[in-house]
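Read off the chains here:
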2 protein chains.
Amino acid sequence: MSHTVEILSVGTELLLGNIANTDAQMLSQGLSELGLNVFWHTVVGDNLQRAEEAVALAKQRADIIITTGGLGPTCDDLTKNVLAEAFGKKLIFDEESARRIRSYFQRTGRPMTDNNLQQAMLPEGCTILPNDWGTAPGCAFEADGVHVIMLPGPPSECRPMFQYRARPYLLSLSEGVIASHTIKLFGIGESAMEARLRDQMNAMSNPTLAPYAKEGECELRVTAKAATDAEAQALLRPTVDQVKALFGDKVYGVDVPSLEHVIIQGCKEKGLTLGCAESCTGGLIAKRLTDIPGASAAFKGGIVSYTNEIKTDILHVPGHILEQFGAVSREVAAAMAEGARQALNCDVALSSTGVAGPDRDDRDNEVGTMFVAIATQDGVHVRPLRLGARPMRERLRTQTASHAFDLARRYLSGLEY
Amino acid sequence: MSHTVEILSVGTELLLGNIANTDAQMLSQGLSELGLNVFWHTVVGDNLQRAEEAVALAKQRADIIITTGGLGPTCDDLTKNVLAEAFGKKLIFDEESARRIRSYFQRTGRPMTDNNLQQAMLPEGCTILPNDWGTAPGCAFEADGVHVIMLPGPPSECRPMFQYRARPYLLSLSEGVIASHTIKLFGIGESAMEARLRDQMNAMSNPTLAPYAKEGECELRVTAKAATDAEAQALLRPTVDQVKALFGDKVYGVDVPSLEHVIIQGCKEKGLTLGCAESCTGGLIAKRLTDIPGASAAFKGGIVSYTNEIKTDILHVPGHILEQFGAVSREVAAAMAEGARQALNCDVALSSTGVAGPDRDDRDNEVGTMFVAIATQDGVHVRPLRLGARPMRERLRTQTASHAFDLARRYLSGLEY
């Protein structure tokens with residue numbers, strides 16, 4: 001049987017626009033991977049009447065209802081009451097949940113007010129979903145042919161509660177297991193990737209292949225369903241291999257978090273140190289590398305040279321090169337990378353220079369004209385970039401940093417630049 | 001008459017979780033500021049039947065329906081058809097819109113396929129909302145006592161289309177004008193801010209006062225409604241002054257984009273140059289400063305010193321200080337700021353050092369132990385930070401950078417640190 005899902009989010013903060021409904025996005029992704037069809041997202045505020053209306057509707061049109069929000073201790077939090085009422089269930093005090101709530105407050109050293117124990121009131125006969133990431137437990141039950149799952153609203157709780165509590169519950173509704181791998185690509189556009197895979201994607205049913213694009217990168221998620229994990233993996237393997245063969249060295253990893261992770265990891269494995277010199281990216285390359293816990297094992301540091309003075313004084317870019325070619329040039333990118341390698345005394349140095357906009361530079365270079373370079377013991381390589389007709393500062397800077405990372409991962413993997 | 005709004009978003013990519021519904025958040029914020037009550041968000045996919053059901057429902061329960069998405073040229077894009085049908089309107093070819101679409105493709109140098117002209121089919125008698133940020137025009141009409149506004153889905157189009165097209169249309173529905181100011185604060189928590197304002201907020205109706213919190217900062221939006229802008233401003237002024245007096249130097253600006261904007265602006269005005277030396281923030285301070293177009297007028301550059309070697313070699317932090325106090329110390333933060341001021345030859349230098357986690361450092365400093373410092377011609381000032389019981393690397397780094405910015409804005413404004 002094919003299940004249809006409605007995600008019902010309860011919270012006035014969503015209707016006021018204080019926060020975006022990222023829970024619904026996260027759940028939609030996770031549910032799609034389980035092969036469940038999400039047909040509706042609904043948001044209502046902390047209002048009894050409209051919450052009741054929304055639940056009545058969802059009960060008619062979906063056979064799985066997942067709610068987020070409205071499980072907390074304040075009087076605004078009405079989700080459990082409305083759902084229990086709609087499905088003719090009483091709320092019952094659960095001693096074990098109460099114990100967990102008390103222990104949570106003890107552990108975090110915060111005082112507990114009595115209304116927190118309201119969170120231990122749960123629908124009779126439900127499966128309790130213990131919350132190790134906050135105080136409000138979730139719950140799940142089946143009634144009137146509908147599965148109901150209630151999850152807390154804060155994204156830092158909702159995400160693990162879905163992953164570790166709701167997902168296993170949903171998996172138990174279907175027979176077998178679902179497994180997936182994510183193939184990460186750089187250097188190919190989403191539409192080009194889709195064009196090369198479209199026929200294949202449409203022809204496949206198990207495993208399935210789903211493309212995603214974000215910030216100048218692409219990923220392909222391969223998902224298979226089978227009786228056991230081993231069987232699912234056996235289904236996945238040929239497709240993963242096929243995609244890797246098809247896109248060759250544009251694939252930078254499978255099940256890896258990001259380009260910068262691949263680089264830090266690669267440097268660590270090879271015992272190489274890393275540094276950078278940034279002009280147009282203005283610290284973003286260093287920032288992204290140091291987003292990674294433990295980056296200091298490979299990353300030594302960087303120079304943000306936003307003026308020619310710093311390029312000459314600290315990176316020792318020769319004045320005549322700056323003068324002759326301008327700061328936005330192949331020659332200066334190369335000299336910055338070499339200079340950073342010297343100044344920071346590192347094995348691999350990346351550099352960036354370019355026009356991030358909104359205006360052209362003083363040499364009339366177009367916005368989006370960028371150069372990234374890498375300096376290693378084998379010499380220097382520069383990659384010139386023309387990043388586009390409809391540039392936006394933030395996107396330009398992100399893509400430029402990613403191209404610099406791409407140089408590094410190609411060096412570390414022994415690939416052509 | 002008090003209007004009630006439903007935001008109806010059409011797009012399978014939302015139900016698959018490929019993107020979050022940031023349009024709905026942006027619109028909700030904007031509509032709340034206009035004093036309109038958003039009661040429902042609904043998302044459906046590119047599916048005729050469910051789109052029809054959603055529109056029928058919205059027509060019953062709201063008197064303003066705002067749709068996002070589904071205006072593009074592909075056959076999936078069905079919003080206009082469904083809305084026109086539901087309100088008994090024909091779609092009519094609009095020559096002026098067709099001309100704008102052709103000219104858009106000419107301008108961006110992309111080839112235009114014929115299906116793009118479908119976007120010029122618009123409901124008879126509607127107000128056309130020209131789209132200067134993409135190809136699909138929006139539209140607005142009133143029928144059966146309901147106002148319908150259709151906006152394109154891509155956030156880079158939806159945002160300006162709301163701001164410059166839908167907002168004026170909605171303003172014309174109500175008598176008078178709405179004006180608001182945003183007061184930005186740093187150095188006070190949201191709950192502390194709310195606690196001091198709660199009685200006042202509840203007692204106010206015009207202007208209203210709404211608090212927002214994000215990434216360690218707070219803001220208060222004051223909104224007034226009046227017959228003319230001058231009258232609205234007259235209503236706003238006393239409240240803005242009152243809030244500023246109440247929170248004193250925790251207010252860093254009114255209607256300013258961010259702390260870093262205030263600093264770049266302040267340096268420009270005073271003719272001062274700016275630089276930084278970063279350890280735990282790893283490039284984030286430089287990155288946030290260079291997010292601002294034109295930052296180069298004040299910001300010269302920065303050093304990311306992720307190792308002691310770079311702290312000594314480039315920032316000239318004395319080895320004995322590193323040895324005696326450790327890299328995460330008041331003394332090293334001070335020496336880094338002074339060193340950056342020298343090395344970068346700038347008037348104002350900021351520094352950061354600390355433990356961003358996930359683990360304690362080699363001297364057993366707790367995660368969240370941070371020091372930020374500022375060096376100017378008047379000397380050095382260090383601010384020690386203890387950032388928390390439930391720290392997350394990203395939040396810690398953001399807050400540390402903001403504290404460094406706070407030192408700079410206090411220096412630039414002649415305030416106590």
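Right above here is the structure, for reference.
Source: prediction; values computed, not measured.

Student: I'm lost on the overall build of chain A in this one. Help?
Tutor: Scanning chain A for helices and strands turns up 14 helices and 17 strands. Counting all 417 residues of chain A, 56% fall into the buried class. Sequence-distant contacts in chain A: of pairs separated by 6 or more residues, those separated by 24 or more amount to 66%. Averaging the locations of the 41 positively and 51 negatively charged side chains of chain A gives two centres separated by 3 Å.

Student: What is the right way to read the packing of aromatic side chains from this model?
Tutor: Two measures describe an aromatic ring pair: the distance that separates the ring centres and the angle between the ring planes. All chains considered together, the criterion is met by eight aromatic pairs over all chains. Seen in terms of ring centroids, Trp133(A) and Tyr164(A) are 5.9 Å apart; in terms of plane orientation they differ by 15°. Their pairing is stacked. On the criterion of sequence distance, the pair formed by Trp133(A) in the loop between strand E6 (127–129) and strand E7 (138–143) and Tyr164(A) in helix H6 (residues 155–173) is long-range, its members being 31 residues apart. For Trp133(A), a relative accessible area of 24% puts it in the partly exposed group. Note that Arg61(B) overlies the ring of Trp40(B), its terminal NZ or CZ placed 3.5 Å from the centroid.

Student: Teacher, can you tell me more about the nonpolar core here?
Tutor: Generally speaking, nonpolar side chains in soluble globular proteins are found buried as a group. With 47 residues, the main nonpolar core has Leu274(B), Phe299(B) and Phe405(B) as its most contacted residues. Discounting residues that sit within four places of it in the chain, Phe405(B) has contacts with Leu259(B), Glu260(B), Ile263(B), Ile285(B), Arg288(B), Leu289(B) and Leu350(B). Cys267(A), Leu350(A), Met370(A) and Leu396(A) belong to the second-largest nonpolar core, a separate cluster that totals 46 residues.

Student: For this particular structure, what's the right way to read the sheet that holds strand E12 (residues 251–254) of chain B?
Tutor: One key point about sheets: their strands pair by backbone hydrogen bonds, in either a parallel or an antiparallel sense. All names here are of chain B. Taken together, the four strands give an open sheet; going across it, the order is E10-E11-E9-E12, and neighbouring strands pair in antiparallel fashion. Every interior strand has two partners, whereas the edge strands, strand E10 (208–214) and E12, have only one. The average angle at which neighbouring strand axes cross in this sheet is 20°, direction not considered. Across the sheet, helix H7 (residues 190–203) lies against strand E9 (177–186), E10 and strand E11 (217–226), angled at about 170° from E10, the strand it touches most.

Student: Please explain the sheet that holds strand E6 (residues 127–129) of chain B as it appears in this structure.
Tutor: Strand order across the open sheet formed by 12 strands is E6(A)-E7(A)-E8(A)-E3(A)-E1(A)-E2(A)-E2(B)-E1(B)-E3(B)-E8(B)-E7(B)-E6(B), with mixed pairing between neighbours. Two strands lie at the open edges of the sheet, namely E6 of chain A together with E6 of chain B, each paired on one side alone. Mean inter-strand twist for the sheet, computed between neighbouring axes without regard to direction, equals 15°. In this structure, strand E1 (residues 4–10) of chain A lies alongside strand E2 (residues 37–44) of chain A, joined through seven bridges in parallel fashion. Paired with Ile7(A) across the strands is His41(A), a residue of E2(A). Contacting E1, strand E3 (64–68), E7 and strand E8 (146–151) of chain A, helix H4 (residues 79–86) of chain A runs over the sheet at an angle of about 170° to E8(A).

Student: Whenever I open this one, the pattern of salt bridges confuses me. Can you help?
Tutor: Summed over all chains, the structure comprises 34 salt bridges over all chains. The partner of Glu309(A) in a salt bridge is Lys300(B), with the nearest N and O atoms 2.7 Å apart. Residue Glu309(A) is located in helix H11 (residues 308–313), and its partner Lys300(B) is located in strand E14 (residues 299–305); the two belong to separate chains. The class for Glu309(A) is partly exposed, based on a relative accessible area of 27%.

Student: Just checking my understanding: could you explain the packing of H7(B) against helix H8 (residues 229–247) of chain B for this structure?
Tutor: The geometry of a pair of packed helices is captured by two quantities: the angle between their axes and the separation between those axes. All names here are of chain B. At a closest axis distance of 12 Å, the pairing of H7 and H8 adopts a crossing angle of 145°. Helix-helix and strand crossings are classified by hand; for H7 and H8 the assignment is right-handed. Contacts from Met-193, Arg-196, Leu-197 and Gln-200 in H7 reach Gln-242, Leu-246 and Phe-247 in H8. In terms of residue class, the contact of H7 with H8 is made up of four nonpolar, two polar and one charged.

Cut-offs applied
- Residues numbered from 1 in each chain as written.
- Chains lettered and ligands numbered in written order.
- Predicted model: local features only at pLDDT ≥ 70, side-chain atom pairs only at ≥ 80, totals over all residues.
- Heavy atoms only, no water.
- Helix = DSSP H or I, 4+ residues; strand = E, 2+ residues; numbered from the N terminus.
- Buried < 20%, exposed > 50% of the residue type's maximum accessible area, 1.4 Å probe, protein only.
- Contact = heavy atoms within 4.5 Å.
- Lys, Arg positive; Asp, Glu negative; His and termini not counted.
- Charge placed at Lys NZ, Arg CZ, Asp CG, Glu CD.
- Phe/Tyr/Trp six-rings, centres within 6.5 Å; stacked < 30°, edge-to-face > 60°.
- Lys NZ or Arg CZ within 6 Å of the ring centre and 35° of its normal.
- Core = buried A, V, L, I, M, F, W, Y, C linked by side-chain atoms within 4.5 Å.
- Pairing = 2+ DSSP bridges.
- Axes fitted to C-alpha atoms, helices over the stretch in contact; angles between N-to-C directions.
- Salt bridge = Lys/Arg side-chain N within 4 Å of Asp/Glu carboxyl O.
- Left-handed = near helix turned anticlockwise from the far one by under 90°.
- Nonpolar A, V, L, I, M, F, W, Y, C, P; charged D, E, K, R; others polar.

Limitation: the analysis is restricted to geometry and does not speak to function.
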